[in-house]
Amino acid sequence: MNVSVPDTPISGHPRGLDLGFDKFVATSDNKQINRPRFLQTLHREFKLLQRRLKHKQKRSNNRHKLNRKIARIHQRIIDTRKDWHFKLAHRMSDGAGMVFVEDIDFRSWARGMLSKHSADAGFGQFVNILQWVCFKRGVFFAKVDKNYTSQQCPECGTYTGKKELDERIHSCPVCFYTASRDVAAAQVIRNRGLELVSESGHDLEVKQTVCGLDAAGTGGNVSLAGTGRSRKLKK
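Residues numbered from 1 in each chain as written. Predicted model: local features only at pLDDT ≥ 70, side-chain atom pairs only at ≥ 80, totals over all residues. Heavy atoms only, no water.

What follows covers the confidence of the model for the chain. For the chain, the mean per-residue pLDDT works out to 79, and 78% of the residues sit at or above 70. Counted against residues more than four places away or in other chains, residues 208–223, with its pLDDT under 50, gives 34 contacts. Across residues 227–235, confidence stays below pLDDT 50; counting only partners more than four residues off in sequence or on other chains, it has 35 contacts. (pLDDT = per-residue confidence, 0-100. Contact = heavy atoms within 4.5 Å.)

For the coordinates displayed, the defined rule picks out eight aromatic pairs. The interplanar angle of 85 degrees and the centroid separation of 6.1 Å between the aromatic rings of Phe86 and Trp132 together place this pair among those described as edge-to-face. Residue Phe86 is located in helix α3 (residues 61–93), and its partner Trp132 is located in helix α5 (residues 123–137); the two are separated by 46 residues in the primary sequence. Among the residues examined, Phe86 registers a relative accessible area of 28% and is labelled partly exposed. Ring geometry for Phe106 and Phe123: centres 6.0 Å apart, planes at 20 degrees, overall stacked. Here Phe106 is found in the loop between β5 (98–102) and α4 (115–121), whereas its partner Phe123 is found in helix α5, with 17 residues between them in sequence. (Phe/Tyr/Trp six-rings, centres within 6.5 Å; stacked < 30°, edge-to-face > 60°. Helix = DSSP H or I, 4+ residues; strand = E, 2+ residues; numbered from the N terminus. Buried < 20%, exposed > 50% of the residue type's maximum accessible area, 1.4 Å probe, protein only.)

Before going further, it helps to spend a moment on the packing of α3 against α5. Between α3 and α5, the shortest axis-to-axis distance is 9 Å and the interhelical angle comes to 45 degrees. The orientation of α3 with respect to α5, classified from their angle, is oblique. Handedness of the crossing formed by α3 with α5: right-handed. Contact with α3, carried on its side by Arg81, Lys82, His85, Phe86, Leu88, Ala89, His90, Met92 and Ser93, involves Gln125, Phe126, Ile129, Leu130, Trp132, Val133, Cys134 and Arg137 of α5 and no other residues of that element. Split by residue class, the contact of α3 with α5 holds 10 nonpolar, four polar and three charged. (Axes fitted to C-alpha atoms, helices over the stretch in contact; angles between N-to-C directions. Parallel < 35°, antiparallel > 145°, perpendicular 65-115°, else oblique. Left-handed = near helix turned anticlockwise from the far one by under 90°. Nonpolar A, V, L, I, M, F, W, Y, C, P; charged D, E, K, R; others polar.)

Attention now moves to the pattern of salt bridges. With the rule as written, the count across this model stands at five salt bridges. A salt bridge links Arg168 to Asp22; its shortest N-O distance comes to 3.6 Å. On the criterion of sequence distance, the pair formed by Arg168 in the loop between β6 (140–144) and β7 (169–171) and Asp22 in the loop between β2 (14–19) and β3 (23–27) is long-range, its members being 146 residues apart. We classify Arg168 as partly exposed; its relative accessible area is 28%. With a relative accessible area of 44%, Asp22 lands in the partly exposed category. Residue Asp94 is joined to Arg137 by a salt bridge in which the shortest nitrogen-to-oxygen separation is 2.7 Å. One end of the pair, Asp94, is in the loop between α3 and β5; the other, Arg137, is in helix α5, and 43 residues separate them in sequence. Each of Asp22, Arg168 and Asp182 takes part in salt bridges that share partners, so that together they form one network. (Salt bridge = Lys/Arg side-chain N within 4 Å of Asp/Glu carboxyl O.)

Most often, soluble globular proteins keep nonpolar side chains buried together rather than apart. Formed by 24 residues in total, the largest nonpolar core has its most connected members in Leu19, Phe24, Val25, Met92, Val99, Phe126 and Leu130. Those elements that place two or more of their residues in this core are β2, β3, α3, β5 and α5. Ranked by residues supplied to this core, first place goes to α5 with seven residues. In contact with Val99, not counting residues within four places along its chain, are Arg15, Leu17, Met92, Leu130, Cys134, Val139, Phe140, Phe141 and Ala142. Counting residues in hydrophobic clusters, the runner-up holds nine residues, among them Met98, Ala142, Val144 and Ile189. (Core = buried A, V, L, I, M, F, W, Y, C linked by side-chain atoms within 4.5 Å.)

Taken together, the side chains of Lys65, Arg68, Lys69, Arg72 and Arg76 present a region of like positive charge at the surface. Topologically, Arg76 is positioned in helix α3. A residue is classified by how much of its surface remains accessible, and Arg76, at 42% relative accessible area, is partly exposed. (Patch = residues over 30% accessible without salt bridge, like charges linked within 9 Å, V, L, I, M, F, W, Y side chains within 5 Å. Areas by Shrake-Rupley, 256 points an atom, 1.4 Å probe, with all protein chains shown as cover. Lys, Arg positive; Asp, Glu negative; His and termini not counted. Charge placed at Lys NZ, Arg CZ, Asp CG, Glu CD.)

Bringing the environment of Ala185 into the picture now. Note that Ala185 resides in helix α6 (residues 181–199). The sequence separation of Ala185 and Ser150 amounts to 35 residues, and the corresponding C-alpha distance is 4.9 Å. Each residue touching Ala185, except ones within four places of it in the same chain, is listed here: Asp18, Thr149 and Ser150.

Bringing the pairing of β5 into the picture now. Along β5, five of the five residues are buried, which leaves the element largely enclosed by surrounding structure. The side-chain alternation of β5 yields two buried faces, one formed by Met98, Phe100 and Glu102 and the other by Val99 and Val101. Relative to β5, β2 runs parallel, the two sharing three bridges. Bridge pairing in β5 places Pro14 opposite Met98. Alignment of β5 against β6, held across five bridges, turns out to be parallel. Residue pairing in the sheet places Met98 in a bridge with Phe140 of β6. (Pairing = 2+ DSSP bridges.)

Here it is in structure tokens:
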């Protein structure tokens with residue numbers, strides 16, 4: 001028996017999410033969530049047990065008990081991280097009709113100098129959980145092109161050039177729009193998500209919240225929160 005699962009309807013408030021090491025996630029609604037250090041909180045205890053393990057005789061009961069204790073710490077870190085990811089995914093879905101993220105292969109983040117921080121944050125697991133939560137809650141979820149999201153102005157679309165890692169403010173020399181670098185990137189992600197949905201030919205009923213006030217798009221024009229633009233969406 002073939003069962004067809006209906007697609008998630010596309011309507012409501014669009015939200016872009018930018019993941020990173022400075023802030024775990026920044027939203028197009030100008031919210032920023034700090035990155036928790038799951039491993040760091042138990043790192044001292046973990047290192048102490050590993051040092052003690054070196055002095056235990058192989059195949060001894062004491063070594064076996066210590067190994068089980070280390071395994072419990074590992075599991076506690078895994079469970080704490082997963083629980084936090086689920087709670088954050090629900091929080092990111094609250095009040096949203098559409099959620100957009102960058103299409104990133106997070107395995108590439110697990111290599112290099114920041115590999116330890118990437119593994120501790122669990123970005124890939126969070127995106128998978130977020131996609132599942134959006135599906136269960138009827139929120140449309142999509143991934144967009146990841147290239148140059150931090151080098152484009154969300155207000156006018158101007159290419160502003162590559163930023164140094166310590167440069168945390170986006171300031172457009174053309175339209176003078178200023179915002180946190182991560183928030184601006186999230187707004188670019190949201191804009192790209194709306195373009196993606198528009199190009200797919202879907203009928204959209206988009207509702208934006210601007211400065212706490214509801215601003216519903218009329219006549220196919222969508223006012224983009226955090227920007228001064230209004231965009232005509234294809235039907």
